[in-house]
Number of protein chains: 2
Amino acid sequence: MKRSTVRLADGRELIYFDERDDAVRQGPDLRELPPPPPASELRYDPLTDEWVAIAAHRQTRTFLPPTDQCPLCPSRPGRSSEIPAYDYDVAVFENRFPSLSDRVADPVGGYPAITPFTPARPGLGRCEVVCFTAEHDTSFAGLPPARVRTVLDALADRTAELSTLDGVEQVFCFENRGVEIGVTLHHPHGQIYAYPFVTPRTRALLAAARRHAEATGGRNLYADVLAAERADGERVVAANDLWTAYVPAAARWPYEVHLAPHRQVPDLTALDDAERDAFGPLYLDVLARFDRLFGTPQGTPYISAWHQAPVHADRELGYLHLQVFTVRRAVDKLKYLAGSESAMGVFINDVRPEQAAAQLRG
Amino acid sequence: MKRSTVRLADGRELIYFDERDDAVRQGPDLRELPPPPPASELRYDPLTDEWVAIAAHRQTRTFLPPTDQCPLCPSRPGRSSEIPAYDYDVAVFENRFPSLSDRVADPVGGYPAITPFTPARPGLGRCEVVCFTAEHDTSFAGLPPARVRTVLDALADRTAELSTLDGVEQVFCFENRGVEIGVTLHHPHGQIYAYPFVTPRTRALLAAARRHAEATGGRNLYADVLAAERADGERVVAANDLWTAYVPAAARWPYEVHLAPHRQVPDLTALDDAERDAFGPLYLDVLARFDRLFGTPQGTPYISAWHQAPVHADRELGYLHLQVFTVRRAVDKLKYLAGSESAMGVFINDVRPEQAAAQLRG
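What you are looking at is a predicted structure, and each value in this text was computed from that prediction instead of being measured.

## Observations concerning the relation of the copies chain A and chain B
In the superposition of chain A on chain B (RMSD 0.0 Å, axial shift 0.0 Å), the rotation amounts to 180°. Both copies are brought into coincidence by an operation consistent with a two-fold rotation axis. When C-alpha distances to the rotation axis are compared across chain A, the minimum falls at leucine 337 of chain A, with a value of 4.3 Å. Most of the interface of chain A is mirrored in chain B: 99% of its interface residues are interface residues there too.

## Describing the interface of chain A and chain B
In many analyses, interface size is given as the accessible surface area lost on bringing the parts together. Opposite the 84 residues of chain A that make contact, chain B presents 83 residues. Carbon and sulfur atoms supply 62% of the area buried between chain A and chain B, which totals about 6,700 Å² over both sides. The tally of links from chain A across to chain B stands at eight salt bridges. Across the pair arginine 211 of chain B and aspartate 49 of chain A runs a salt bridge whose closest N-O atoms are separated by 3.3 Å. In this assembly, chain A and chain B are joined by 24 residue pairs in polar contact (both at pLDDT 80 or more). Of all the elements, helix H2 (residues 200–215) of chain A adds the most residues to the side of chain A that touches chain B, at eight residues. Taken together, the residues of the side of chain A that touches chain B sort by class into 46 nonpolar, 19 polar and 19 charged. Sheet analysis places strand S4 (residues 50–54) of chain A next to strand S17 (residues 348–349) of chain B, joined by two bridges and oriented parallel. What sits directly across from isoleucine 54 of chain A, in S17 of chain B, is asparagine 349 of chain B.

## So, helix H1 (residues 145–163) of chain A
Given 3.6 residues per turn, any residue in an α-helix points the same way as the ones three and four places further on. When the terminal C-alpha atoms of H1 of chain A are compared, their 27 Å separation across 19 residues agrees well with the 27 Å that a helix rising 1.5 Å per residue should span. Burial of H1 of chain A is extensive: 15 of the 19 residues sit out of reach of the surface.

## Thoughts on the packing of aromatic side chains
Residues and elements named next belong to chain A. Going through the model one piece at a time under the given rule, you end up with 32 aromatic pairs over all chains. Taken together, a centroid distance of 4.4 Å and an interplanar angle of 15° make the contact between tryptophan 253 and phenylalanine 325 stacked. Of this pair, tryptophan 253 sits in the loop between strand S11 (243–246) and strand S12 (255–261) while phenylalanine 325 sits in strand S14 (residues 321–326), placing them 72 residues apart in sequence. Using a relative accessible area of 4% as the deciding quantity, one classes tryptophan 253 as buried. Ring pairing ties together the aromatic residues Phe132, Phe140, Trp243, Phe279, Tyr283 and Trp306, which thus form one cluster. One Lys or Arg, arginine 252, reaches over the ring of phenylalanine 347 and ends 5.8 Å from the middle of that ring.

Reading guide: rules and limits
Residues numbered from 1 in each chain as written. Chains lettered and ligands numbered in written order. Predicted model: local features only at pLDDT ≥ 70, side-chain atom pairs only at ≥ 80, totals over all residues. Heavy atoms only, no water. Least-squares fit on C-alpha atoms with pLDDT ≥ 70 in both. Contact = heavy atoms within 4.5 Å. Buried area = accessible area lost by both parts, 1.4 Å probe. Salt bridge = Lys/Arg side-chain N within 4 Å of Asp/Glu carboxyl O. Polar contact = N/O pair within 3.5 Å; in protein donor to acceptor, adjacent residues only side chain to side chain. Helix = DSSP H or I, 4+ residues; strand = E, 2+ residues; numbered from the N terminus. Nonpolar A, V, L, I, M, F, W, Y, C, P; charged D, E, K, R; others polar. Pairing = 2+ DSSP bridges. Expected span 1.5 Å × (residues − 1). Buried < 20%, exposed > 50% of the residue type's maximum accessible area, 1.4 Å probe, protein only. Phe/Tyr/Trp six-rings, centres within 6.5 Å; stacked < 30°, edge-to-face > 60°. Lys NZ or Arg CZ within 6 Å of the ring centre and 35° of its normal.

Spatial relationships are all this shows, so hold off on functional conclusions.
What follows is the structure, given as structure tokens:
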């Protein structure tokens, strides 16, 4: 794999990950761009002990542009996109409308609190966009396995590098797919958020993992749960020697699948060569099953989320896994997060996990 | 207020709350109904330490019926709805497709675990529907203040009664409004969930409140936060002598308002007469501001959620408040819970709370 780095017109970094070692991606960004927007602000919610990002500049972000204005397509003569080169395999660049950014400095004298109970701080971190292919009219499910490997290598590269940024505590790689999920650009792409804190969900996972380790003389909770699912088999959707895809026994979403390596690793950087090669075919198989589920021509909307261990804390408690779920609950119906889910955090799942697994297998 | 109880044809309970003491609501339910569906199942997610309700029978629940088939309109000659009477003020009944129900018995020998790490148990509890008015084509915002008082009294009545049910640990009263939020019936109505556990969100609130109380010699966190917001004033939307409506300093949603009584009470049952009377005019004012925000004819979709103290535990840490938020972030745009929110629990808010408060005040 060949890795080339360039700077966009406003100073943002762009990295090409190419499968051919002779790829040349040196074209300059010909646009005139305003400087990146001011940093977001993180505010502490004392009632829940969580940080919220206030990113007012994102309100004007690019929203479903026409195909010939796609900022993620390669540039071509006469039209410059976010990607200066005329072709690429995988390209990663800093989001132009980032929720988190490392282009901020703590103001002299510290950041003013909003109230005595709501301290604030700059939205330090980084948000990157991961373009999976130069081809506009396809989807992740349409990529060849070799490209999935390239994407995985790019995500591992970014996880390693973002983990070295001052203040970053967690790197989150994900894909939102489909307008039903709020996707604002159709071109196949994912995102990376490097957070300056351990996220609420990961804190919950680690707290449960810590209790389990203490109760069992050091056993890893996710490893035990995965072993139980593999032994049971009823909710397993597909598997190979190195990975298993299964519907969790207490799935929150009507169609939700975990893909986990059989070997405990904290994050993508720790996957070995064989594990990286074995992931693509299984994941593509699962995504094809998702797309077949409802038979809609545009495919199934989903969120695909890599759960990685934090950068510094509790790495031995973490267990890398990918969570994929769709917001669709039937051909013509979406699963909405209404009162119980949004306000109380209690999920009501209308589909039995065993039924979901059987449908996905069938 | 006159309270009358009847049984529907399948045995479910219905309670009328009428403003006139001479109201007669004795009409029988003339329908033939199948017995209520089998109980949901609660499954424990060991990875997050949370319970998930698996309610497969809800997949076939009533979905946006035509107006003349509305199950929440009063019955009329020749057509029986869920409400046998030909008129009513407020009516509360057990949900026909409940996520939680008290019509279950623990099976002999206990409930089988799904895996060694995922115990399961019956979805014990209760789900009720609260009809705010017999009028189909209106909304909560269109109710007169006296009706809001009746609704509040009905919710307090239900909170008191459901709190006495075996196994119920928390009573949650809420309204989902708008198809954008997944509402399946247009008739103005709310819901009540009586959960057999303290919900994840409430556990987080209580944990933060407990730490604050321990650090301050017993002070109530919500009371201190509310006092700081009232002293600051920049995020206050409206207020009267007994309640304040404000945008939280670390709001998660673009337009989110808390309505809190100035006196600390654990739940709706503890509100006194003056507080109940003073709530309606302020809440209606806030809802009118929400509806004016985007100028859409059908009004603003929202979730309105009463945060109440648990039934048994930590009641002294709780502080009753209502959280109202819309999923709309602009006239033509919705706020979606995508990767960061749905998978990591990190909210990105595109609107500064001070700006949201100014817009709502203006």
